[in-house]
Amino acid sequence: MVGNGSLAFTVNNVSIIDSTVTSTAKNVALVAGRADDLLIINDLYIANSSAASTASGSTDLGVAAIVGYTNHANANIQVTRAIMYNVTLTGRSSGYLVGYYKLGVASATDVF
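Note that the coordinates shown come from a computational prediction; the quantities given were computed from them, not determined experimentally.

Criteria and cut-off values
Positions within a chain are numbered from 1, following the residues in the order the chain's sequence is written. Side-chain atom pairs in this predicted model are given and counted only at pLDDT of 80 or more, local residue features only at pLDDT of at least 70, and totals for whole chains, interfaces and linings cover all residues. To obtain the side-chain values, all non-hydrogen atoms of the structure were used and water was disregarded. Helix and strand assignments come from DSSP, with helices taken as H or I runs of at least 4 residues and strands as E runs of at least 2, each series counted from the N terminus. Note that the radius of gyration is over C-alpha atoms, with the globule rule given as 2.2 Å times the number of residues to the power 0.38. Buried, partly exposed and exposed residues are distinguished by accessible area as a fraction of the type maximum, computed with a 1.4 Å probe on protein chains only: under 20%, between the cut-offs, and over 50%, respectively. Should any heavy atoms of two residues lie within 4.5 Å, those residues are considered in contact. Note that accessible areas follow from Shrake-Rupley with a 1.4 Å probe, and for residues the cover is restricted to the protein chains shown. Charged residues are defined here as Lys and Arg on the positive side and Asp and Glu on the negative side; His and the ends of the chain fall outside this count. Every charge is mapped to an atom, namely NZ of Lys, CZ of Arg, CG of Asp or CD of Glu. The rule for pairing is simple: two strands pair if DSSP sees at least two bridges between them.

Trainee: Any details on the overall build of the protein chain? Residues and values, ideally.
Mentor: For the protein chain, the helix and strand inventory stands at zero helices and 12 strands. Taken from the N to the C terminus, the helices and strands of the protein chain come in the order β-β-β-β-β-β-β-β-β-β-β-β. A compact globule built from 112 residues would reach a C-alpha radius of gyration of about 13 Å, and the protein chain, at 12 Å, matches this within 12%. When its C-alpha atoms are laid out on the principal axes, the protein chain stretches across 35 × 30 × 20 Å. Out of the 112 residues in the protein chain, the part that is buried amounts to 41%. Taking all contacts inside the protein chain whose residues are at least 6 apart in sequence as the whole, residues at least 24 apart take part in 82%. Of the roughly 5,500 Å² of accessible surface on the protein chain, 50% is carried by carbon and sulfur atoms. Across the protein chain, the centroid of the 5 positively charged side chains sits 11 Å from that of the 6 negatively charged ones.

Spelled out as structure tokens, the structure:
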């Protein structure tokens, strides 16, 4: 949805179904490749989808369902009510919420 979220943004009531994100670059995700400010997510459903990066040679490469990478003290990820079903992640640092969490804060409530 978003490549690089350097400013605040909100995602409400979104379904990502049967989607694939593949890149030769680093920091890949189904919602945001990178988020360095406030990101509010309410009611997110991701199913039968995948995110992958074939990049190499970098230690700060992130792959995720929600946010691939954070690298700013202002990063503030707030997730409320998210379901991720049958999601495949391929890359160096993979995580369903955040692939590579370097700086900032995060909170998650009712995430499955």
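Trainee: If you had to explain the side chain of S93 to someone new, which residues and values would you point to?
Mentor: Note that S93 resides in strand 10 (residues 93-95). Apart from residues lying up to four places away in sequence, S93 is in contact with T59, L61, G62, V63, G99 and Y100.

Trainee: Please set out the sheet that holds strand 4 (residues 28-29) residue by residue, giving values where relevant.
Mentor: Spatially, 4-7-10 is the arrangement adopted by the three strands of the open sheet, whose pairing is parallel. Every other strand in the sheet has two partners, leaving strand 4 and strand 10 as the edge strands with one partner each. Pairing of strand 4 with strand 7 (residues 62-64) involves two bridges; the strand directions are parallel. Looking at the pairing, A29 lines up with A64 of strand 7.

Trainee: Go over the environment of S6, please, and point to the residues and values.
Mentor: Of note, S6 is situated in the loop between strand 1 (2-5) and strand 2 (9-17). We classify S6 as partly exposed; its relative accessible area is 46%. In sequence terms S6 and L97 are 91 residues apart; their C-alpha atoms lie 18 Å from each other.

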